Amino acid sequence: MSDPVIEASDVTRTFMISAGFMRGKQPLHAVNGISLNVERGEVLGIVGESGCGKTTLAKMMLGLLEPTSGTLRLDGKLVGAAHRIEVARILQPIFQDPYSSLNPRKSIGDIIMLPLKVQNDPDPATWRKRAEDIMDLVGLPTRVYNNYPNQLSGGQRQRVAIARALINRPKIVICDEPTSALDVSVQSQILNLLQDLRGEFGLTYVLISHNLAVVEHMATRVAVMYLGRIVEQADTDTLFKAPKHPYTQALLGSVLTPEPGLGVPDTHLGAAYPNPIDPPSGCTFHPRCAQVMDHCSKQAPPAVANGGMVECHLYAHGGGRKSPKRKSK
Amino acid sequence: MTKQILEIENLCVDIDVPSGVLRAVQNISFTVAKGETLSIVGESGCGKSITALSLMNLLPKSAKRSADKLTLDGRDLRDLNEREMSDLRGDAMAMIFQEPMTSLNPAYTIGNQLEEAMLRHRNVSTAEARDRAVFLLEKVGITAARSRLGQYPHQLSGGLRQRVMIAMSLMCEPALILADEPTTALDVTIQAQILHLLAELRHEFDSSLILITHDLGIVARVADRVAVMYAGEFVETGTTEQVFNAPSHPYTQGLLRCIPIPGKTKRGAHLGAIPGIVPNLVGRIEGCHFASRCPYADDACRTGDVALRPSFEKSHEYRCVLSPEICAANLKSGAAA
Amino acid sequence: MASISTARAGIPTAEQILEPSPGALLRKRIFGNTGLIIGAAVLLAIVFVAVFADVISPGDPYDQVLSRKLIPPIWHESAKATWEHPLGTDALGRDYLTRLFHGARISLFIGFAAMFISGIIGTALGVLSGYFGGRVDMVVNFILTTRLSLPVVLVALAVVSLVGSSLTVIIWVLGLLIWDRFAVVMRSATQQIRNLEYVAAAQALGCSTPRIVLTEIMPNILNHLIVVATLEMAHAILLEAALSFLGLGVQPPEPSWGLMVSEAKGMMFFDSWLIGIPGAAIFALVLAINLLGDGIRDVTAPENRN
């Protein structure tokens with residue numbers, strides 16, 4: 001029954017960045033050996049804090065960045081910069097900031113029609129009609145067709161970005177923080193719209209967000225990232241009801257829902273986020289982990305399959321111990 | 001009756017813009033008691049940040065502030081000149097800004113900036129100021145505090161910088177701390193840590209806190225009392241329990257329906273939405289400011305001013321023509337829909 | 001479909017779209033900017049004079065009538081002043097007004113041509129290095145540093161004395177020397193735009209790199225380009241005047257303003273208008289172009305900030 005539309009296997013992306021004055025360049029493993037499948041029709045939520053590599057992963061899926069090693073397959077075909085247009089027909093992004101994701105010098109109509117133009121749609125006579133149809137569908141009045149982005153509100157701009165992503169009927173949409181730049185009341189409108197469109201077009205979403213409440217609401221399956229690795233993967237119910245990895249537990253504990261009287265939880269997360277250039281040894285989470293054990297700092301944790309997947313020493317002894325994939329530093 | 005630290009009556013801020021006068025804050029009144037946390041919550045453009053800046057008298061030149069009463073610890077702030085005001089800032093009242101990267105000066109060490117905050121206002125030696133800085137850095141959870149004094153802001157992570165900002169705001173034991181979106185730029189786990197810290201420190205130092213945010217989750221967990229702001233006005237005020245458990249104003253009710261709550265909101269179901277956009281605040285708005293987006297609005301809402309009125313309990317007020325009973329019924333029927 | 005109707009909630013009505021279009025905003029700001037209006041008016045006047053110099057000139061710029069040399073301009077209290085030569089004549093008896101009009105042609109042509117050449121070189125280098133970064137950026141930076149270490153006037157003097165002087169040589173020498181500001185400004189402008197999400201969106205749509213540069217980057221750095229172009233045009237005009245003054249620019253008998261100043265320098269103390277009139281013309285032209293450039297920058301900058 002598995003029908004993956006995106007298959008990532010052992011994908012790594014390394015940036016060479018300057019470590020400081022006179023210290024030359026050092027590798028930063030933004031994405032460090034990720035294997036992940038996105039199944040057709042699901043909404044896969046990817047959560048994690050800034051710097052965990054979720055945006056880098058999204059850019060690789062979009063073909064904007066080449067993996068340093070490992071392979072990414074889209075509908076069975078290898079993703080690479082060479083097949084940009086083919087990737088574009090299958091997969092489209094929606095970005096976080098609707099203020100910078102639209103070219104201020106182009107009219108709304110031109111922005112929405114751009115995919116048809118670029119992907120050499122054979123029937124230019126229908127472009128205008130199709131643009132107006134999709135505007136109608138995302139809830140944009142067609143009279144803004146000749147307006148410019150600066151004349152629209154944040155929510156409307158995000159609708160324009162959604163219309164542009166959907167006009168050529170992609171199969172997968174990668175939503176990178178689609179609502180975090182929007183006000184609460186507008187955020188809910190956009191989330192509702194994304195839900196509706198998913199039904200209408202049979203879309204698969206990859207939803208990248210740091211807002212766990214949004215991910216819980218939208219996603220059918222969730223992957224938690226920490227320092228370039230996926231540390232836990234499970235379907236949404238399992239993950240939110242019974243989080244396994246201590247990091248997932250801390251993340252969930254940090255969600256502040258508008259329920260008075262509960263106070264601010266103490267997440268027991270120690271030190272600050274580590275420097276990704278110089279990640280901690282063994283399990284990269286061990287300096288912040290409340291349940292740290294002796295061997296956590298020495299040995300990378302194995303991936304334990306238990307319906308979902310979790311990378312943690314706590315669960316290693318029970319179900320079939322696998323050899324750690326990563327070389328420990 | 002506890003002592004009121006801040007008392008404000010009919011605070012207005014008008015800003016000159018090319019198209020006219022933008023009435024950013026219109027007749028808001030509130031008090032903050034000693035040790036209390038008041039949260040002003042609202043969406044972008046509602047005037048909550050302008051309110052904070054107007055209290056610190058840090059408004060842009062084009063803005064004019066007026067108030068019938070504006071006292072901090074019994075002292076009238078309205079007639080203070082710039083010099084007297086800057087004596088107060090960082091001393092009796094301190095502010096924590098949203099972006100810790102830009103609110104610390106990158107050219108000075110942490111120690112310099114912390115000590116400066118105290119040397120400016122208190123007659124103390126540098127050594128005493130440094131001891132106080134170390135004491136507070138440890139209080140805000142920074143390890144190896146003494147060695148951190150020589151570090152520059154860019155050497156610290158965002159969460160650490162915000163801790164330094166909090167320590168700095170506490171240097172002179174201010175009566176009132178204004179925190180404008182203190183955790184918006186931070187990750188969720190760091191946000192929880194910082195808020196946890198703020199709550200602890202507030203008990204320890206017994207400072208009053210005005211927390212300005214757009215995040216209802218933070219408000220519900222941190223604040224004692226809440227003021228919901230919309231289009232320059234307070235539309236609902238009350239204790240956190242009153243406002244969150246029995247929201248009366250249609251705007252507050254709508255906002256709370258917009259937010260998915262894990263475990264409570266049905267997954268994938270439609271969230272509530274508030275149609276329309278915030279009205280333009282340039283010029284005068286006739287009638288209720290929320291009328292253009294309100295599902296219950298009729299012609300009566302669009303004429304004349306709508307005043308704040310008490311709900312079932314006296315400390316809970318809202319600005320609507322509908323009676324408390326109708327509002328409570330709306331809350332139920334809205335949740336069912 | 002019910003779900004879609006809820007999706008439509010939150011759409012402002014026509015009256016709620018308060019912001020006018022970018023074009024309307026621009027027009028409003030242009031007419032509110034005095035410097036820009038004055039600069040544009042003066043520049044337009046000079047362009048008009050240059051284009052129609054043959055028609056509106058009272059005489060021929062090369063016609064020497066030695067018997068009528070050094071007639072002062074009409075505001076001069078001298079019996080010799082005549083309306084036949086409103087600005088008088090030079091030491092060779094050539095009508096000064098005519099030479100001034102034809103000189104405008106040379107100044108504008110050199111300014112524009114040199115700006116055009118340097119603009120193409122500088123913009124190409126700047127956009128390439130800003131867009132691609134990395135190695136390309138390093139190479140461009142090296143070329144730029146090399147260029148910045150060359151003193152413009154000295155190099156121009158050396159080249160001109162080597163290959164001889166002509167209008168074409170002057171234009172090429174200036175064009176090849178003053179592209180540095182174009183490159184610097186275009187590079188930083190491109191770097192800013194390149195990191196915006198609409199460029200990533202265009203890439204994700206499958207746009208080719210040339211297309212992205214032409215349709216996503218260029219329109220958004222055009223305002224910077226226009227500002228630099230005006231400044232560099234003024235720069236080129238001044239350099240031409242300086243070279244001509246030193247005798248290595250435009251050669252006599254061409255009526256270049258710089259050359260006119262140079263020819264008049266011997267008579268500076270006796271017939272000061274000879275040096276004053278072309279000097280004032282250079283001043284007015286450069287000032288007008290600079291006012292225009294500043295005005296364009298002021299008019300386009302706020303839109304960028306939004």
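Fair warning: this is a prediction, and the values are worked out from it, not measured in the lab.

About the thresholds
Residues numbered from 1 in each chain as written. Chains lettered and ligands numbered in written order. Predicted model: local features only at pLDDT ≥ 70, side-chain atom pairs only at ≥ 80, totals over all residues. Helix = DSSP H or I, 4+ residues; strand = E, 2+ residues; numbered from the N terminus. Rg over C-alpha atoms; globule rule 2.2 N^0.38 Å. Buried ≥ 20, exposed ≤ 12 C-beta atoms within 10 Å, placed from the backbone. Contact = placed C-beta atoms within 7 Å. Domains from an automatic or database assignment. Nonpolar A, V, L, I, M, F, W, Y, C, P; charged D, E, K, R; others polar. Pairing = 2+ DSSP bridges. Axes fitted to C-alpha atoms, helices over the stretch in contact; angles between N-to-C directions. Parallel < 35°, antiparallel > 145°, perpendicular 65-115°, else oblique. Left-handed = near helix turned anticlockwise from the far one by under 90°. Expected span 1.5 Å × (residues − 1). pLDDT = per-residue confidence, 0-100.

1. A closer look at the overall build of chain A
- If you tally the helices and strands in chain A, you get nine helices and 12 strands.
- For a compact globule of 329 residues, the expected C-alpha radius of gyration is about 20 Å, and chain A comes in at 21 Å, within 12% of that figure.
- When its C-alpha atoms are laid out on the principal axes, chain A stretches across 65 × 50 × 50 Å.

2. Digging into the overall build of chain B
- Along its length, chain B carries 12 helices and 13 strands.
- For 337 residues, the compact-globule formula gives about 20 Å, and the C-alpha radius of gyration of chain B, at 21 Å, lands near that figure.
- For chain B, the spread of C-alpha atoms along the principal axes amounts to about 65 × 50 × 45 Å.
- By residue count, 49% of the 337 residues in chain B fall in the buried class.
- Excluding contacts between residues fewer than 6 apart, the proportion of contacts in chain B whose partners are at least 24 apart in sequence is 65%.

3. Quick word on the domain arrangement of chain B
Residue and element names in this part refer to chain B.
- Here chain B is described as being made up of domain 1 (4–223) and domain 2 (248–336).
- Counting residues at the interface gives 10 residues for domain 1 and seven residues for domain 2.
- Of the residues forming the side of domain 1 that touches domain 2, the biggest block, five residues, is contributed by strand E2 (residues 20–33).
- Partitioning the side of domain 1 that touches domain 2 into residue classes produces five nonpolar, three polar and two charged.

4. Here we look at the pairing of strand E4 (residues 69–74) of chain A
Residue and element names in this part refer to chain A.
- When strand E1 (residues 4–18) meets E4, the two strands line up antiparallel, connected through five bridges. Looking at E4, one finds that serine 9 is bridged to threonine 71.
- Bridge analysis of E4 against strand E5 (residues 77–78) gives two bridges, and the strand direction is antiparallel. Bridged to arginine 73 within E5 is leucine 78.

5. Comments concerning the packing of helix H9 (residues 180–194) of chain C against helix H11 (residues 209–245) of chain C
All names here are of chain C.
- Interaxial distance between H9 and H11 falls to 10 Å at its minimum, and their mutual angle equals 160°. Between H9 and H11, the interaxial angle falls into the category roughly antiparallel. The way H9 lies across H11 gives a crossing that is right-handed. Note on element contacts: H11 touches H9 through Ile217, Asn220, Ile221, His224, Leu225, Val228 and Glu232, opposite Arg181, Phe182, Val185, Met186, Ala189, Thr190, Ile193 and Arg194.
- Here the contact of H9 with H11 is composed, by residue class, of nine nonpolar, three polar and three charged.

6. Examining the sheet that holds strand E6 (residues 91–94) of chain A
Residues and elements named next belong to chain A.
- As summarised here, the arrangement of the eight strands in space is E6-E7-E8-E3-E9-E10-E12-E11, forming an open sheet in which the pairing is mixed. Each edge of the open sheet is held by one strand with a lone partner, namely E6 and strand E11 (303–306). With direction set aside, neighbouring strand axes in the sheet form an average angle of 20°.
- The strands that helix H5 (residues 154–166) touches are E6 and strand E7 (172–176); relative to E6, the one it contacts most, it runs at about 175°.

7. Quick word on helix H4 (residues 110–119) of chain B
Residue and element names in this part refer to chain B.
- Among the 10 residues in H4, seven count as buried, and that is most of the element.
- Where H4 is concerned, the buried positions are Ile110, Gly111, Gln113, Leu114, Glu115, Ala117 and Met118.
- On its buried side, H4 packs onto helix H5 (126–139), helix H6 (145–148) and helix H7 (158–170).

8. Digging into the environment of glycine 35 of chain B
All names here are of chain B.
- In this structure, glycine 35 sits in the loop between E2 and strand E3 (37–41).
- Here glycine 35 falls in the partly exposed class, since 16 other C-beta atoms lie within 10 Å of it.
- Each C-alpha atom of the pair glycine 35 and leucine 211 lies 13 Å from the other, and the pair is 176 residues apart in sequence.

9. A look at the pairing of strand E10 (residues 225–230) of chain B
All names here are of chain B.
- Of all six residues in E10, six are buried, a share of seventy percent or more.
- Residues Arg225, Ala227 and Met229 line one face of E10 and the alternating positions Val226, Val228 and Tyr230 line the opposite face, and both faces are buried.
- The pairing of E3 with E10 spans four bridges and is parallel. Following the sheet pairing, isoleucine 40 is matched in E10 by alanine 227.
- Sheet analysis places E10 next to strand E11 (residues 233–239), joined by six bridges and oriented antiparallel. Bridge pairing links arginine 225 to threonine 239 in E11.
- In sequence, E10 turns back onto E11 through a hairpin of two residues, with alanine 231 there showing a positive phi of about 50°.

10. Digging into the sheet that holds E5 of chain A
- Strand order in the open sheet made by the four strands is E2-E1-E4-E5 (chain A), with antiparallel pairing throughout. The outermost strands of the open sheet, each flanked by one partner alone, are strand E2 (25–39) and E5 of chain A.

11. A few points about the interface of chain A and chain B
- Listed per partner, the contact involves 38 residues of chain A and 42 residues of chain B.
- Of all the secondary-structure elements, those providing two or more residues to the side of chain A that touches chain B are helix H6 (184–201), helix H7 (212–218) and helix H9 (246–253) of chain A.
- Of all the elements, H6 of chain A adds the most residues to the side of chain A that touches chain B, at eight residues.
- The residue makeup of the side of chain A that touches chain B, split by class, is 18 nonpolar, 15 polar and five charged.

12. Some remarks on the environment of valine 124 of chain B
- Looking at where valine 124 of chain B falls in the secondary structure, it is placed in the loop between H4 and H5.
- When neighbours within four sequence positions are excluded, valine 124 of chain B is seen to be in contact with Met118, Leu119 and Ala129 of chain B.

13. A few points about unusual backbone geometry
- Proline 253 of chain C follows proline 252 of chain C through a cis peptide bond whose omega is 5°.
- Along the polypeptide, proline 253 of chain C turns up in the loop between H11 and helix H12 (257–264).
- At aspartate 206 of chain B, a residue that is not glycine, the phi angle is positive and equals roughly 55°.
- For aspartate 206 of chain B, the position within the fold is in the loop between helix H8 (188–205) and strand E9 (208–213).

14. Comments concerning the packing of H11 of chain C against H12 of chain C
All names here are of chain C.
- Across the interface, H11 lies against H12 with an axial gap of 7 Å and an inter-helix angle of 35°. The two elements H11 and H12 cross, and the hand of that crossing is right-handed. Only Trp257, Gly258, Leu259, Val261 and Ser262 of H12 make contact with H11, whose side of the interface consists of Glu240, Ala241, Ala242, Leu243, Ser244 and Phe245.
- Here the contact of H11 with H12 is composed, by residue class, of seven nonpolar, three polar and one charged.

15. A few points about H6 of chain A
- Between its terminal C-alpha atoms H6 of chain A stretches 26 Å, which fits the 26 Å expected from 18 residues at 1.5 Å a residue.
- Trailing H6 of chain A by a residue or two, glycine 202 of chain A shows a phi angle of about 60°, which is positive.

16. Structural notes on the confidence of the model for chain A
- For chain A, mean pLDDT is 85; residues scoring 70 or higher make up 92% of the total.
- Low pLDDT (under 50) marks residues 319–329 of chain A, which in the prediction has 21 contacts with non-local residues, meaning those over four places away or in another chain.

17. Describing the confidence of the model for chain B
All names here are of chain B.
- With 99% of its residues at a pLDDT of 70 or more, chain B has an overall mean of 87.
- Mean pLDDT in chain B bottoms out at helix H3 (residues 100–103), which sits at 75, and peaks at E10, which reaches 94.
- The ipTM assigned to the predicted complex is 0.86, against a pTM of 0.84.

18. Concerning the environment of isoleucine 121 of chain C
- Inspection of the secondary structure assignment puts isoleucine 121 of chain C in helix H5 (residues 96–132).
- Note: C-alpha distance between isoleucine 121 of chain C and isoleucine 178 of chain C (57 residues apart in sequence) is 9.5 Å.

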